[in-house]
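Coordinate analysis (summary)
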Amino acid sequence: MTAAAVGLINCHNCGLLHKVAQAHACCHRCGTPLHLRKPDSLSRTWAYLLAAYVLYIPANVLPIMVTTSLGSTQSDTILSGVSYLLVTGSWLVALVIFIASVFVPVLKLVILTYLVISVQMRSTWHPRERTRLYRLAEVMGRWSMVDIYVVTLMVALVKIQGLADIDAGSGAVAFGAVVVLTMLAAMSFDPRLIWDNAEKNHE
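Because the structure is predicted, anything quoted here is derived from the model rather than measured. (Residues numbered from 1 in each chain as written. Predicted model: local features only at pLDDT ≥ 70, side-chain atom pairs only at ≥ 80, totals over all residues. Heavy atoms only, no water.)

**Brief notes about the packing of helix 1 (residues 41-61) against helix 3 (residues 91-120)**
Heads up, the condition is: Structural elements are reduced to axes, namely lines fitted to C-alpha atoms, with helices fitted over the stretch in contact, and the angle between N-to-C directions of any two is expressed from 0 to 180 degrees. For the purposes of this entry, the term helix denotes a DSSP run of H or I that reaches at least four residues, the term strand denotes a run of E that reaches at least two, and both are numbered from the N terminus. Any angle that is under 35 degrees is reported as roughly parallel, and any over 145 degrees as roughly antiparallel; angles of 65 to 115 degrees are reported as roughly perpendicular and all others as oblique. Should the near helix be turned anticlockwise from the far one by less than a right angle, the crossing is left-handed, and should it be turned clockwise, the crossing is right-handed. By definition in these notes, contact holds between two residues if any of their heavy atoms fall within 4.5 Å. When residues are sorted by character, Ala, Val, Leu, Ile, Met, Phe, Trp, Tyr, Cys and Pro go into the nonpolar class, Asp, Glu, Lys and Arg into the charged class, and all the rest, Gly among them, into the polar class.
The geometry of helix 1 relative to helix 3 is characterised by a closest axis approach of 11 Å and an angle of 155° between their N-to-C directions. The orientation of helix 1 relative to helix 3 falls into the category roughly antiparallel. Here helix 1 runs over helix 3; the crossing is left-handed. Contacts from Leu42, Thr45, Trp46, Leu49, Ala52, Tyr53, Tyr56 and Asn60 in helix 1 reach Ser101, Val102, Pro105, Val106, Leu109, Val110, Leu112, Thr113, Val116, Ile117, Val119 and Gln120 in helix 3. Taken together, the residues that form the contact of helix 1 with helix 3 break down as 15 nonpolar, 5 polar and no charged.

What follows is the structure, encoded as structure tokens:
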């Protein structure tokens, strides 16, 4: 049974429960506008997901780091950086960067896409498991910026020591945008829509 079914609505910001009759009012505690469900949840989520899919290609094709040393310039993408780390024996670092920068973003995109489609198809299949998938997608977001952190640290360290000139490439900008867009998609999706379909099926 959902809160809406018993005439209650909770604040998205602080979680305080209110009567459904107050649905067009603001939260008594924090002043946030109250909604039974996030407005235009599916449309907003789709918009962020599609933008993330489009930017994911340049994020992996364009250079994420450009190194200039002794007059020569070398550009590295995420995958070429992982390949270089494997060749030099740093397989553990390569594995961490591959998981955080390639596997996790793709998995998060796939999970969110599946959840949106399942809600639109009014699926009642295992709502508890689908809610756990959503929580997993939320948790994964914090591990998606490892590559950006690595590039930032390398740029700072190398510039301090004066060994070479390292700059973040356009791929880093695209990758950062993908991370932000997937985070916004996760925030826009309302997991309670999963349970709405399950509730209607039991009526």
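**What to know about the environment of Thr77**
Along the chain, Thr77 falls in the loop between strand 4 (72-76) and helix 2 (78-87). Sequence-wise, Thr77 and Asn60 are 17 residues apart; in three dimensions their C-alpha atoms are separated by 6.2 Å. The residues contacting Thr77, other than those within four sequence positions of it, are Asn60, Val61, Leu62, Pro63 and Ile64.

**Quick word on the layout of surface pockets**
The line we're drawing: In this analysis the probe radius is 1.4 Å and the grid spacing 1 Å, with only protein atoms considered; a cavity is a set of points the probe fits into but cannot get out of, a pocket is an open set with protein on both sides within 12 Å along at least five of seven lines, and lining residues have an atom within 4 Å of a point. Grid points are joined across faces, edges and corners, and a volume is the space filled by probe spheres set on the points.
There is about 170 Å³ of room inside the second largest pocket. Around the second largest pocket, the lining residues are Lys38, Pro39, Ser41, Arg44, Tyr48, Leu184, Met187 and Ser188. At the level of secondary structure, the elements contributing two or more residues to the lining of the second largest pocket comprise helix 1 and helix 6 (170-188). For the lining of the second largest pocket, the class distribution of residues is 4 nonpolar, 2 polar and 2 charged.

**Considering the pattern of salt bridges**
Two side chains of opposite charge can pair, provided their charged atoms sit close to one another. This is how the line gets drawn: Salt-bridge detection follows one rule: a side-chain nitrogen of Lys or Arg within 4 Å of a carboxyl oxygen of Asp or Glu. Residue exposure (1.4 Å probe, protein chains only): buried if accessible area is under 20% of the type maximum, exposed if over 50%, otherwise partly exposed.
Summed over all chains, the structure comprises 2 salt bridges. One salt bridge connects Arg135 with Glu138, and the closest N-O pair in it is separated by 3.2 Å. Within this pair, Arg135 and its partner Glu138 are both found in helix 4 (residues 127-140), separated by 3 residues, close to a single helical turn. The exposure class of Glu138 is partly exposed, given its relative accessible area of 36%. Of the charged contacts in the structure, one is a salt bridge between Arg192 and Asp190, with a shortest N-O distance of 3.0 Å. Here Asp190 falls in the buried class, since its relative accessible area comes to 1%.

**A word on unusual backbone geometry**
In the Ramachandran plot, Asp40 falls in the positive-phi region, its phi being about 50° despite a non-glycine side chain. With respect to the helices and strands, Asp40 occurs in the loop between strand 2 (17-19) and helix 1. Of note, His126 is a non-glycine position whose phi angle comes to about 40°, a positive value.

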